[in-house]
Amino acid sequence: MQANDIISSGLLELYATGLSSKEETLQIEQWIKIHPEVAAEIAAIETGLEAYAQAHAAQPGPSVKEKIISKINTDKKIKVIPLNASGKTYNVSPFWKYAAAASIILFVSSALLNVSLYNKVDEAGKNLEQVQQEVASLQESNKVMEGSNEAMKQDMSVVQSKYSEPVSLHGIGVAPDAVAKIFWMKNTGEVYIDPSNLPDVPSDQQLQLWAIVDGKPVDAGMIVTASNGQKFRIQKMKSFGRAEAFAITIEKKGGSPTPTMDKMVVMGKM
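Residues numbered from 1 in each chain as written. Predicted model: local features only at pLDDT ≥ 70, side-chain atom pairs only at ≥ 80, totals over all residues. Heavy atoms only, no water.

Enquirer: Got a minute to help me understand the overall build of the protein in this structure?
Expert: Across its full length, the protein carries 6 helices and 10 strands. Scored against the burial criterion, the 270 residues of the protein give a buried share of 29%. Partitioning the contacts of the protein with sequence separation of at least 6, the portion at a separation of at least 24 is 58%. (Helix = DSSP H or I, 4+ residues; strand = E, 2+ residues; numbered from the N terminus. Buried < 20%, exposed > 50% of the residue type's maximum accessible area, 1.4 Å probe, protein only. Contact = heavy atoms within 4.5 Å.)

Enquirer: I keep staring at the pairing of strand E6 (residues 205-213) and nothing clicks. Help me out?
Expert: Working note: regular strand, side chains alternate between the two faces of the sheet. Within E6, 7 of the 9 residues are buried, which leaves it mostly tucked inside the rest of the structure. Pairing of E6 with strand E9 (residues 245-252), which is carried by 8 bridges, proceeds in the antiparallel orientation. For Ala211, the partnering residue across the bridge sits in E9 and is Phe246. Judged from the 6 bridges that link them, E6 and strand E7 (residues 216-222) form a sheet pairing that is antiparallel. Bridge assignment links Ala211 to a residue of E7, and that residue is Val218. Hairpin connection from E6 to E7: 2 residues lie between these consecutive antiparallel strands, with Asp214 at a positive phi of about 55°. (Pairing = 2+ DSSP bridges.)

Enquirer: Help me understand the sheet that holds E7, please; the structure alone is not making it clear to me.
Expert: Hydrogen bonding along the main chain pairs the strands of a sheet, whether they run parallel or antiparallel. Spatially, 8 strands are ordered E7-E6-E9-E10-E3-E4-E5-E8 in an open sheet, and the strand pairing comes out antiparallel. Edge positions in the sheet fall to E7 and strand E8 (235-236), since each of these pairs with one other strand and no more.

Enquirer: Just checking my understanding: could you explain the nonpolar core for this structure?
Expert: Looking at soluble globular proteins, one finds that nonpolar side chains tend to be buried together. Leu198, Leu209, Phe246 and Ile248 are the most contacted members of the largest nonpolar core, which has 23 residues in total. Among the secondary structure elements, those contributing two or more residues to this core are strand E3 (164-171), strand E4 (179-185), strand E5 (191-194), E6, E9 and strand E10 (264-269). Among the nonpolar cores identified, the runner-up in size contains 9 residues, and Leu12, Ile28, Trp31 and Ile42 belong to it. (Core = buried A, V, L, I, M, F, W, Y, C linked by side-chain atoms within 4.5 Å.)

Enquirer: Explanation requested: the pattern of salt bridges in the structure shown.
Expert: Side chains that carry opposite charge are capable of pairing whenever their charged atoms lie near each other. Applying the stated rule across the entire model yields 3 salt bridges. For the salt bridge of Lys238 with Asp219, the shortest nitrogen-to-oxygen distance reads 2.7 Å. With Lys238 in the loop between E8 and E9 and Asp219 in strand E7, this residue pair connects regions lying 19 residues apart in the sequence. Judged by its relative accessible area of 41%, Lys238 falls in the partly exposed class. With relative accessibility at 27%, the residue Asp219 sits in the partly exposed group. (Salt bridge = Lys/Arg side-chain N within 4 Å of Asp/Glu carboxyl O.)

Enquirer: Is there a simple way to explain unusual backbone geometry in this structure?
Expert: Most peptide bonds take the trans form, and the phi angle of most residues other than glycine is negative. For Asp214, which is not glycine, the phi dihedral falls at a positive 55°. As for its placement among the helices and strands, Asp214 is situated in the loop between E6 and E7.

Enquirer: Can you help me understand helix H3 (residues 22-34) in this one?
Expert: Three- or four-residue spacings in an α-helix give side chains the same orientation, since the helix completes a turn every 3.6 residues. Over its 13 residues, H3 runs 19 Å from end to end, which matches the ideal 18 Å to within 8%, given 1.5 Å per residue. All of the buried residues along H3 are Thr25, Ile28 and Trp31. On an axial view of H3, the arc spanned by its buried residues comes to 125°, and they lie on one face. In H3, the exposed residues that point more than 90 degrees away from the buried face are Lys22, Glu23, Lys33 and Ile34. (Expected span 1.5 Å × (residues − 1). Arc of directions from axis to C-beta.)

Rendered as structure tokens:
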């Protein structure tokens, strides 16, 4: 058998790691004597394996190292019984016993490090998710606040306008304590109402504003209420010419073509 064939057979790697059979070991030792190339290849394999083990090994604690060295000195070789039917046993050199122990230590250390890193990443992910939720909640609160501020600015622009003429509406009939205020814009004829002090009505009913023009009631629009039953602040109603008075009645949801007089809530003159 030629040296090149021996080198490419894979038997030298088994020999270097102590896993060749007794017959294979005897044969390879014969080849070493006959072929210098085979001896050089085995030396190169052992050097490479030793360098790999040292590069990837973790430094064991002093007590672990002492126990391993003590065991190596007292037991130069150990028998490894394979799980197969051949009955073959393999010898493991002292160096590879130490390398195997170092590899186990490296594996355990690596596993512990991976667990630690996983826990840190998992905790960081949870913290990030919580921060994102808090940021989203804060952004939503800011939007609500911005909307409230914008609505307040619009309300103030109506109230403080030099063209605004306020008209107070006082409670009568079914709601004697109710109060509302109309803002009639003298330059445009636009009508706004502040319904914040009007009473709540059932979900199938709605408050309707009326303007008294030339002695006749004219529909001025439905007063919008929020889903929680609270009236919005200042609302824009229908526009028309100069009115003599304003009144609000309780009507069926969607409004009525004529006011229900016995359900009048407030009324006030210009």
